[in-house]
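Letter by letter, the chains look like this.
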Amino acid sequence: MTETKSLIWDETFPSLLLKGNGTAAFLHGQTTADIFAQQQLEGVFLSCWLSTKGSLKALLEIRISKNMAEIVIIAGEINSIIEGFESVIFPADKVKLEVLKPIRRIQKINNYQSWKELNSSWIRNSELIESEISKYTKATKEELQIWKTRQGIPAFDREMNGETNPYELGLGDIIKLDKGCYLGQEAIARFYRSKSVKYQLRYWEAFGEADNLDIGKNFFNTIKDNELRKKVGVITSSMKINDNFLCGLALIKNNFINKDICFSEKEESIIFKKPISFVQAF
């Protein structure tokens, strides 16, 4: 990062609009946020959209006002959200769904604070001109990818694989347990009561060959020669930093989470640690 200018996350995301008298009530029943409480605050906030079994389907940033909610899809598939919302919208809900133009979003970033704690801005045509962000330096594609990886921001079809839940991905802090009924609530309540998850997301680093540390490859607790060798977890994201240094994200089995080192299929040592934004739920 530069000494004179702060880096910013500058990216365009798909967005949706809900409008109508029933907007707040509909979103309250579909997401993990306490929509009515957030409506009083009049700011942008994060929320999860879940499946009925509690797996994370989308990570959303929402701004709600009277009879209206703008939704930016930080991670997830827009057509899946549209289909999911429209399948449960009925005339009595008094709400309509529209697809908006993609929204440009900026946020100052660093490597010591969670991205969830930093303010973001949505830029529309006349809201913010280029001269007003000239004091910042836009992170390059590689810088942004490394930062997102260290933060542990889940990606669709990687960390968000249709099975992982918000607690496994370190997003338990954006679930409001006392808000009442919402999609996936029963499953989330079971996870919370049992105080147990199968996996936890971890950031990893290693020196090795890219082919040995690709997405879908497994990590192990010992080298091959040890008869007690067990699978520790699986790589969900991987990127090459230089000739033989790589980093990424992996889902690590909960009973191995307190270990700092594991091994690749080709016996390379893997160091892993908690991502910057990961919140331990239990």
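Refer to the structure printed above.
Here's a quick rundown of the structure. (Residues numbered from 1 in each chain as written. Predicted model: local features only at pLDDT ≥ 70, side-chain atom pairs only at ≥ 80, totals over all residues. Heavy atoms only, no water.)

Notes on the overall build of the protein
Quick note on the threshold: Secondary structure elements are taken from DSSP: a helix is a run of H or I of four residues or more, a strand is a run of E of two residues or more, and numbering for both begins at the N terminus. Partly exposed describes any residue whose relative accessible area lies between the buried limit of under 20% and the exposed limit of over 50%, with all areas from a 1.4 Å probe on protein chains only and scaled to the type maximum. Here, residues are in contact when the closest pair of their heavy atoms is within 4.5 Å. Only the protein chains shown count as cover for residues, and the accessible areas themselves come from Shrake-Rupley with a 1.4 Å probe. The sign given to each residue is positive for Lys and Arg and negative for Asp and Glu; His and the chain ends receive no count. Charge positions are represented by NZ for Lys, CZ for Arg, CG for Asp and CD for Glu.
A count of helices and strands for the protein gives five helices and 13 strands. If you line up the protein on its principal axes, its C-alpha atoms span 65 × 50 × 30 Å. Every one of the 282 residues in the protein was classed for burial, and the buried ones make up 46%. Contacts in the protein between residues at least 24 apart in sequence constitute 67% of all its contacts with a sequence separation of at least 6. On the protein, roughly 14600 Å² of surface is accessible, and the fraction owed to carbon and sulfur atoms is 48%. For the protein, the distance from the average position of its 38 positive side-chain charges to the average position of its 36 negative side-chain charges is 3 Å.

Details of the pairing of strand β4 (residues 68-76)
Note the following rule: In this scheme, strands are said to pair when DSSP sees at least two bridges between them.
Where burial is concerned, most of β4 is hidden: seven out of the nine residues are buried. In this sheet, β4 lies alongside strand β1 (residues 6-19) in antiparallel orientation, the contact comprising five bridges. Directly across from Leu-16, in β4, lies its bridge partner Ile-71. Direction of pairing for strand β3 (residues 56-65) relative to β4: antiparallel, over a ladder of eight bridges. Bridge pairing in β4 places Ser-65 opposite Met-68. The hairpin formed by β3 and β4 contains two residues between the paired strands, and Asn-67 there has a positive phi angle of roughly 60°.

What to know about the packing of aromatic side chains
For any two aromatic rings, the description comes down to two numbers: the centre-to-centre distance and the angle of the planes. Put simply, the rule is: A pair of aromatic rings is counted whenever rings of Phe, Tyr or Trp (Trp by its six-membered ring) have centres within 6.5 Å, and the orientation is called stacked for planes under 30 degrees apart, edge-to-face for over 60 and tilted otherwise.
On inspection of all chains with the given rule, the structure shows 10 aromatic pairs. Judged by centre distance (5.6 Å) and plane angle (85°), the ring pair of Trp-49 and Phe-85 falls under edge-to-face. Taken as a pair, Trp-49 in strand β2 (residues 44-50) and Phe-85 in helix α3 (residues 78-86) lie far apart in primary sequence, 36 residues in all. Note on Trp-49: relative accessible area 2%, which makes it buried. With a centroid separation of 5.0 Å and 50° between ring planes, the pair formed by Phe-207 and Phe-245 is classed as tilted. Taken together, the positions of Phe-207 in strand β8 (residues 199-207) and Phe-245 in strand β11 (residues 245-253) put the pair 38 residues apart, joining distant regions of the chain. Residue Phe-207 is classed as exposed on the basis of its relative accessible area, which comes to 55%. For Phe-245, a relative accessible area of 16% puts it in the buried group. A connected cluster of aromatic rings, assembled from ring pairs, spans Trp-9, Phe-13, Trp-115 and Trp-147.

Observations regarding the nonpolar core
Our working definition: Note on terminology: a nonpolar core comprises buried Ala, Val, Leu, Ile, Met, Phe, Trp, Tyr and Cys residues joined through side-chain atoms within 4.5 Å.
Within the largest apolar cluster, 36 residues are counted, with the highest numbers of intra-cluster contacts made by Trp-9, Leu-59 and Trp-115. If we skip the residues at most four places from it in the chain, Leu-59 touches Leu-46, Ser-47, Cys-48, Val-72, Ile-73, Ile-74, Ala-75, Trp-115, Pro-154, Met-160, Leu-171 and Ile-174. Listed in part, the 23 residues of the second largest apolar core include Ile-62, Ala-69, Ile-71 and Leu-97.

Quick notes on the side chain of Asn-165
To keep things clear, this is the line we draw: The term polar contact refers here to a pair of N or O atoms within 3.5 Å; inside protein, the definition further demands a hydrogen-donor-capable atom paired with an acceptor-capable atom, and it admits residues adjacent in sequence only when both atoms are side-chain atoms.
As for its position among the elements, Asn-165 is in the loop between α4 (141-151) and α5 (185-194). Here the side chain of Asn-165 touches Tyr-167 through a polar contact of 2.9 Å, landing on its backbone nitrogen. Once you skip the residues sitting within four places of it in the chain, Asn-165 turns out to touch Gly-54, Ser-55, Leu-56, Phe-191 and Val-197.

Structural notes on the pattern of salt bridges
Pairs can form between side chains of opposite charge whenever their charged atoms are close. Put simply, the test is: Salt bridges are identified by distance alone: a Lys or Arg side-chain nitrogen within 4 Å of an Asp or Glu carboxyl oxygen.
One pass over the full model with this rule turns up seven salt bridges. In this structure, Arg-105 and Glu-61 form a salt bridge, with 2.8 Å as the shortest nitrogen-oxygen distance. Of this pair, Arg-105 sits in strand β5 (residues 96-108) while Glu-61 sits in strand β3, and the two are 44 residues apart along the sequence. As far as the burial class goes, Arg-105 and Glu-61 line up, both buried.

Topic: the pairing of β11
The buried count for β11 comes to eight of nine residues, which makes it a mostly enclosed element. Bridge analysis of β8 against β11 gives nine bridges, and the strand direction is antiparallel. Bridge pairing in β11 links Phe-207 to Phe-245. Bridge count between strand β10 (residues 231-240) and β11: seven bridges; the pairing is antiparallel. Bridge pairing in β11 places Met-239 opposite Cys-247. Counted along the chain from β10 to the antiparallel partner β11, the turn is four residues long.

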